[in-house]
Each structure stands twice: as structure tokens, then as C-alpha cells.
Amino acid sequence: MLNTILIDDEPNALEVLKMQLERFCPEIRILKSCNSGPEGIKAITELMPDLVFLDIEMPFKNGFDVLNETNKIEYDVI
């Protein structure tokens, strides 16, 4: 089982990704869906996922900011 966090500022994109993962990837467990970079950073730090689906273009903190601020935590990113 891969523990996963989804991070995207577009609610529709998050919902579609969540539905697709639940339907086609039963080995993935979604721990949390986040609507912003800061929320994603907090979730990654607290939940220590194996995998993160990360949007790049987001306001306030983009995907690269999230990666930089969580670089001490080991996880794969898509």
C-alpha cells in the first residue's frame, strides 16, 4: 500500500485525480487532499507519505517551494 497526498489548488483537478486513483489504483491510499502549498507542506511533514501528487503552478507557494521545504522527508513525487 502506498500512502499518498494530493496537492492541487484546483478543486476539480483534485476530485478527478482522487476518483481515478480510487477506481484504478487500489494499492494507493489517499491520506489527504490539500488545496495549497502551505497545507501540503504541513500534511507531508505530519503524515510522511510514500508518494505525493504535486501541482507546480499554485499561488503563495508553488510545487517547487513544497519540494524545497520538505526535502528532508523521503517520498516520491508525481
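Let us look at the structure shown here. (Residues numbered from 1 in each chain as written. Predicted model: local features only at pLDDT ≥ 70, side-chain atom pairs only at ≥ 80, totals over all residues. Heavy atoms only, no water.)

Focus: the overall build of the protein chain
Step number 1: Scanning the protein chain from terminus to terminus reveals three helices and four strands.
Step number 2: Across the protein chain, helices and strands are ordered from the amino to the carboxyl terminus as β-α-β-α-β-α-β.
Step number 3: By the compact-globule yardstick of 12 Å for 78 residues, the protein chain fits well, its C-alpha radius of gyration being 11 Å.
Step number 4: In the protein chain, of all internal contacts separated by at least 6 residues, the share reaching a separation of at least 24 is 66%.
Step number 5: One way to put it: in the protein chain the 7 positive side-chain charges average out to a point 6 Å from where the 15 negative ones average out. (Helix = DSSP H or I, 4+ residues; strand = E, 2+ residues; numbered from the N terminus. Rg over C-alpha atoms; globule rule 2.2 N^0.38 Å. Contact = heavy atoms within 4.5 Å. Lys, Arg positive; Asp, Glu negative; His and termini not counted. Charge placed at Lys NZ, Arg CZ, Asp CG, Glu CD.)

Let's talk about the nonpolar core
Step number 1: Core analysis: the biggest nonpolar cluster contains 12 residues, these being Ile5, Ile7, Cys34, Ile41, Ala43, Ile44, Val52, Leu54, Met58, Val66, Ile73 and Tyr75.
Step number 2: Of all the secondary structure elements, the ones that give two or more residues to this core are strand 1 (2-7), helix 2 (37-47) and strand 3 (51-54).
Step number 3: Residue contributions to this core peak at three residues, all from helix 2.
Step number 4: Excluding residues within four positions of it along the chain, Leu54 makes contact with Ile7, Gly63, Val66, Leu67, Val77 and Ile78.
Step number 5: Listed in part, the six residues of the second largest apolar core include Leu14, Leu21, Leu51 and Phe53. (Core = buried A, V, L, I, M, F, W, Y, C linked by side-chain atoms within 4.5 Å. Buried < 20%, exposed > 50% of the residue type's maximum accessible area, 1.4 Å probe, protein only.)

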